[in-house]
Amino acid sequence: TICAALISALLLRSRLIATLGGWATASQAIAALTSKNIGSGINFVAVAQALHMKPLIVAASLAVDSAVGVVYFPLAASLTPKNTEATEVVT
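Residues numbered from 1 in each chain as written. Predicted model: local features only at pLDDT ≥ 70, side-chain atom pairs only at ≥ 80, totals over all residues. Heavy atoms only, no water.

Visitor: Would you take a moment to explain helix H5 (residues 55-78) for this structure?
Guide: One full turn of an α-helix is made of 3.6 residues, so residues set three or four places apart face in the same direction. Compared with an ideal rise of 1.5 Å per residue, which puts 24 residues at 34 Å, H5 spans 35 Å between its outermost C-alpha atoms and is within 8% of the ideal. Along H5, the sharpest change in direction is near 30° and occurs at Gly 69. Every buried residue belonging to H5 is among Ile 57, Ser 61 and Gly 69, and all of these are buried. Close packing links the buried residues of H5 with helix H2 (13-20), helix H3 (23-38) and helix H4 (41-50). (Helix = DSSP H or I, 4+ residues; strand = E, 2+ residues; numbered from the N terminus. Expected span 1.5 Å × (residues − 1). Bend = angle between axes of the 7 residues up to and from the residue. Buried < 20%, exposed > 50% of the residue type's maximum accessible area, 1.4 Å probe, protein only. Contact = heavy atoms within 4.5 Å.)

Visitor: Would you explain the environment of Ala 31 in this entry?
Guide: Looking at the secondary structure, you find Ala 31 in helix H3. Its relative accessible area of 32% is what places Ala 31 among the partly exposed residues. Through-space distance from the C-alpha of Ala 31 to that of Thr 19 is 16 Å; in sequence the pair is twelve residues apart. Residues contacting Ala 31, with those up to four places away along its chain left out, are Val 47 and Leu 51.

Visitor: Looking at this structure, I do not really get the confidence of the model for the chain. What am I missing?
Guide: On average, residues of the chain score 88 in pLDDT, and 91% of them are at 70 or above. Per-element confidence in the chain ranges from a low mean pLDDT of 89 for H2 to a high of 93 for H4. (pLDDT = per-residue confidence, 0-100.)

Visitor: Just to check I follow, could you spell out the nonpolar core for this structure?
Guide: For soluble globular proteins, the rule of thumb is that nonpolar side chains tend to be buried together. One finds Ala 29, Ala 32, Phe 44, Ala 48, Met 53 and Ile 57 forming the largest nonpolar core, which totals six residues. Elements supplying a minimum of two residues to this core: H3 and H4. Leaving out residues up to four positions away in the same chain, Ala 48 has contacts with Ala 32, Met 53 and Val 58. (Core = buried A, V, L, I, M, F, W, Y, C linked by side-chain atoms within 4.5 Å.)

Visitor: Sorry if this is basic, but what is going on with the side chain of Ser 35 here?
Guide: Summarising the element assignment, Ser 35 is placed in helix H3. Residues within four places of Ser 35 in sequence aside, it is in contact with Ser 40, Asn 43, Phe 44 and Val 47.

Visitor: What am I meant to see in the packing of aromatic side chains here?
Guide: What describes a pair of aromatic rings is the distance from one ring centre to the other and the angle between the planes of the rings. Following the criterion strictly, the structure yields one aromatic pair and no others. Centre to centre, the rings of Tyr 72 and Phe 73 are 5.0 Å apart; their planes meet at 75°, and the pair counts as edge-to-face. Cation over ring: Arg 13 sits above Trp 23, and NZ or CZ is 4.3 Å from the ring centre. (Phe/Tyr/Trp six-rings, centres within 6.5 Å; stacked < 30°, edge-to-face > 60°. Lys NZ or Arg CZ within 6 Å of the ring centre and 35° of its normal.)

Now the structure itself:
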């Protein structure tokens, strides 16, 4: 997760800076979202508070994370192999 966050941040650096108004704000959002993916939403809140993130950036980060999840999780589920063998239930 950390490697993916770093690589994504480097690849999208100019777009993040332009969208979020600077690298400091972008790095705060990246840190909070990375902590959420490693742990949970509580980690996101803790990191956002520790870094004194602006409420608008917190809301935008969570909205983007939710939107990506709506696409990612069904796509990941569709790529899993299907079990074609019938399993017998033993009682």
